[in-house]
Amino acid sequence: MKKLFLLLLFACTLVGLPHTLSAQTETRPYWETSPEFASEDKDLVLNVLDSLALIKLPHRIYEELELLAVEKDLLSLKTSASGQWSLRLLPLPNGTPLLALIRTVNTPIGDSALQFYTPSWEEIKDSNAVFTAPQASDFIPTSMSATDRARLEQLLYPLYLVYKWAPQGRLEVSVSTPTLLSDATREADRKLIEAIPHKKYQWKGGHFVDRKSGSAGMP
């Protein structure tokens with residue numbers, strides 16, 4: 001019942017948005033209005049977007065700013081030596097796109113944050129109705145022995161998640177682990193880490209669904 005209420009509240013919030021914003025289904029207008037970047041950076045990226053036919057991706061724009069990928073509903077940038085910014089538009093039933101933004105740092109340990117916004121860049125505070133991040137237990141294969149499961153739980157604490165957009169509205173989630181320092185357990189630990197599966201989710205109109213289990217990524 002709580003899930004249904006959150007979804008209804010979320011939809012009602014978007015219904016009141018200006019039509020000019022809700023009608024936009026390409027990333028460019030939202031890049032132009034992003035509150036996160038200076039106008040100089042925006043202009044540099046826009047100039048590159050106007051010249052896509054002449055360049056090859058990834059394309060270095062200026063210093064560490066780099067265009068990694070661009071599609072109608074996707075804009076992905078390298079913003080620093082260790083940072084990436086990736087915006088995807090997710091279609092809602094009423095035709096209004098939901099802005100889904102992945103921010104990732106690659107050092108010292110890969111780590112991502114996934115946040116959702118309205119077309120006017122208002123953050124969706126309670127995003128559990130859209131997606132709930134997996135827990136460490138979701139990445140531990142049930143086929144493992146109790147000893148290996150216990151060791152892997154140790155290796156996954158604290159849990160670092162890396163998000164990546166995949167084609168056709170899919171979201172892939174993997175774990176990131178620190179460098180293995182113990183000589184005694186490094187090889188065994190490496191094999192346990194290699195057995196960790198990636199989680200895959202599919203966008204289903206208003207929320208992400210776990211592609212493996214078919215259950216919604218919600219509590």
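None of the values given here were measured: they were computed from a predicted structure.

Student: Got a minute to help me understand the nonpolar core in this structure?
Tutor: Within soluble globular proteins, side chains that are nonpolar tend to cluster in buried spots. Among the nonpolar cores identified, the biggest contains 29 residues, and Leu114, Phe116, Phe131, Leu171 and Phe208 are the most heavily contacted of them. Elements represented by at least two residues in this core include exactly β5 (97-105), β6 (111-117), α5 (146-155), β7 (160-166), β8 (170-176), α6 (186-194) and β9 (199-203). Residues within four places of phenylalanine 116 in sequence aside, it is in contact with Leu90, Leu98, Leu99, Ala100, Glu122, Glu123, Ile124, Ser127, Val130, Phe131 and Phe208.

Student: Would you mind showing me how to read the pairing of β9 here?
Tutor: Among the five residues in β9, four count as buried, and that is most of the element. Note that β8 and β9 share four bridges and pair antiparallel. Directly across from arginine 170, in β9, lies its bridge partner glutamine 202. Two successive antiparallel strands, β9 and strand β10 (residues 208-210), enclose a turn made up of four residues, where glycine 205 displays a positive phi of approximately 80°.

Student: Just checking my understanding: could you explain the sheet that holds strand β1 (residues 59-62) for this structure?
Tutor: Each strand in a sheet pairs with its neighbour through backbone hydrogen bonds, running either in the same direction (parallel) or in the opposite one (antiparallel). Judged by pairing direction, the sheet is antiparallel, and its six strands sit side by side in the order β1-β2-β3-β4-β5-β6 without closing on themselves. On the outer flanks of this sheet lie β1 and β6, each paired with one strand and no other. Averaged over all pairs of adjacent strands, the angle between strand axes in this sheet comes to 20°, irrespective of strand direction. With seven bridges connecting them, β5 and β6 associate as antiparallel partners. Across the sheet, leucine 99 pairs through a bridge with tyrosine 117, a residue of β6.

Parameters and conventions
Residues numbered from 1 in each chain as written. Predicted model: local features only at pLDDT ≥ 70, side-chain atom pairs only at ≥ 80, totals over all residues. Heavy atoms only, no water. Core = buried A, V, L, I, M, F, W, Y, C linked by side-chain atoms within 4.5 Å. Buried < 20%, exposed > 50% of the residue type's maximum accessible area, 1.4 Å probe, protein only. Helix = DSSP H or I, 4+ residues; strand = E, 2+ residues; numbered from the N terminus. Contact = heavy atoms within 4.5 Å. Pairing = 2+ DSSP bridges. Axes fitted to C-alpha atoms, helices over the stretch in contact; angles between N-to-C directions.

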